[in-house]
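# Structural characterization, general
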Amino acid sequence: AQSVAQPEDQVNVAEGNPLTVKCTYSVSGNPYLFWYVQYPNRGLQFLLKYITGDNLVKGSYGFEAEFNKSQTSFHLKKPSALVSDSALYFCAVRDGQAGTALIFGKGTTLSVSS
Amino acid sequence: NAGVTQTPKFQVLKTGQSMTLQCAQDMNHEYMSWYRQDPGMGLRLIHYSVGAGITDQGEVPNGYNVSRSTTEDFPLRLLSAAPSQTSVYFCASRTGPALANSPLHFGNGTRLTVT
């Protein structure tokens, strides 16, 4: 069975500082990994994905994520946080060989202070 | 280009009432799915469909029915609403066959309250 863990309910950073939102996963086959962002009263928006290849994936709004197979992690990062990055972030995983359904973590609230 | 459209945006039901949450997409996506979002629980998959005429259960299917008669539409039915079904419901779709790696496109959600 697939599962995703986001160990932090909330991450607080100051504007201009680097940010990291953590994600670990469990899947039987090769993982398809995704990050989504949700702003208040809106649906989720796709940020980036890892399917295969380079372990560092770049996505929208200056975000990137690093895939680490040995640690089964896919942490979201940004070199310099903006106040407008404040939102709810979700990590999600699918089994690339056998799973059609995308399983989400519980989400991490990112708060960027000015 | 409307993307994924969900109606209604808000709904209040009494326990035992039935209703259908509508979801339509205009991107010719084969895969469609329904999630519910609850505080501290993240998004949990209710039902999904890999194409017209094909549906399957997700993590939390009890109390919900779905059908997929066309590629565009994927309605979610609550036959007898319960307070435990108070939640925000999201419909999402993606292109490609069942095992494709394309990302999900989400609607803006339906906020349902059952009293």
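For the structure, check the block above.
Keep in mind it's a predicted model, so treat the numbers as computed, not measured.

### Examining the state of the cysteines
The tally for this structure, following the rule as stated, stands at two disulfides over all chains. Residue pairing for A:Cys23: its cysteine sulfur links by disulfide to A:Cys91, the two sulfurs lying 2.0 Å apart. Its S-S torsion of approximately -65 degrees makes the covalent link between A:Cys23 and A:Cys91 left-handed. Here A:Cys23 is found in the loop between strand 3 (19-21) and strand 4 (24-26), whereas its partner A:Cys91 is found in strand 10 (residues 87-95), with 68 residues between them in sequence. For the pair formed by A:Cys23 and A:Cys91, the shared burial category is buried. Disulfide partner of B:Cys23: B:Cys91, at an S-S distance of 1.9 Å. Between B:Cys23 and B:Cys91, the S-S torsion sits near -70 degrees, and that sign places the bridge as left-handed. Separated by 68 residues along the polypeptide, B:Cys23 in strand 3 (residues 19-25) and B:Cys91 in strand 9 (residues 87-94) bring together distant segments of the chain. Residue class for B:Cys23 comes out buried when judged on its relative accessible area of 1%.

### Overview of empty space enclosed by the protein
Applying the stated criterion across every chain, the model contains one cavity of 30 Å³ or more. In this structure, the largest cavity spans a volume of roughly 40 Å³. Every residue lining the largest cavity is listed: A:Phe34, A:Tyr36, A:Arg94, A:Thr100, A:Leu102, B:Tyr31, B:Arg94, B:Ser102, B:Pro103 and B:Leu104.

### Thoughts on the packing of aromatic side chains
Residue and element names in this part refer to chain A. Applying the stated rule across the entire model yields 16 aromatic pairs over all chains. Where tyrosine 25 meets phenylalanine 67, the ring centres are 6.2 Å apart and the plane angle is 25 degrees; that geometry is what we call stacked. Of the two residues, tyrosine 25 is situated in strand 4 and phenylalanine 67 in strand 8 (residues 64-68); the sequence distance between them amounts to 42 residues. Accessibility expressed as a relative area gives 8% for tyrosine 25, which makes it buried.

### A few points about unusual backbone geometry
Following B:Thr7, the chain continues to B:Pro8 via a peptide bond in cis, the omega torsion being -5 degrees. As for its placement among the helices and strands, B:Pro8 is situated in the loop between strand 1 (4-7) and strand 2 (10-13). One non-glycine residue, A:Thr72, lies in the positive phi region at around 45 degrees. In this structure, A:Thr72 sits in the loop between strand 8 and strand 9 (73-78). Of the residues examined, A:Thr72 reaches a relative accessible area of 31% and is grouped as partly exposed.

### Here we look at the sheet that holds strand 3 of chain B
All names here are of chain B. As summarised here, the arrangement of the four strands in space is 1-3-8-7, forming an open sheet in which the pairing is antiparallel. Each edge of the open sheet carries a strand with a single partner, namely strand 1 and strand 7 (64-66). Across the sheet, the mean angle separating the axes of adjacent strands is 20 degrees when strand polarity is ignored. Looking at chain direction, strand 1 and strand 3 are connected through four bridges and run antiparallel. Of the residues in strand 3, the one forming a bridge with threonine 7 is glutamine 22.

### Thoughts on the environment of A:Tyr89
All names here are of chain A. Tracing the sequence through the fold places tyrosine 89 in strand 10. Taking the C-alpha atoms as reference, tyrosine 89 lies 5.4 Å from glycine 107; in sequence the two are 18 residues apart. Among residues more than four places away in sequence, those in contact with tyrosine 89 are Gln6, Trp35, Tyr36, Val37, Leu47, Phe63, Leu76, Gly107, Thr108 and Leu110. In this structure the side chain of tyrosine 89 is engaged in a polar contact, spanning 2.6 Å, whose partner is the backbone oxygen of aspartate 85.

Calculation notes
Residues numbered from 1 in each chain as written. Chains lettered and ligands numbered in written order. Predicted model: local features only at pLDDT ≥ 70, side-chain atom pairs only at ≥ 80, totals over all residues. Heavy atoms only, no water. Disulfide = S-S within 2.5 Å. Helix = DSSP H or I, 4+ residues; strand = E, 2+ residues; numbered from the N terminus. Buried < 20%, exposed > 50% of the residue type's maximum accessible area, 1.4 Å probe, protein only. 1 Å grid on protein atoms, 1.4 Å probe; cavity = no way out; pocket = protein on both sides within 12 Å on 5 of 7 lines; lining within 4 Å. Points joined across faces, edges and corners; volume = space filled by probe spheres on them. Phe/Tyr/Trp six-rings, centres within 6.5 Å; stacked < 30°, edge-to-face > 60°. Pairing = 2+ DSSP bridges. Axes fitted to C-alpha atoms, helices over the stretch in contact; angles between N-to-C directions. Contact = heavy atoms within 4.5 Å. Polar contact = N/O pair within 3.5 Å; in protein donor to acceptor, adjacent residues only side chain to side chain.

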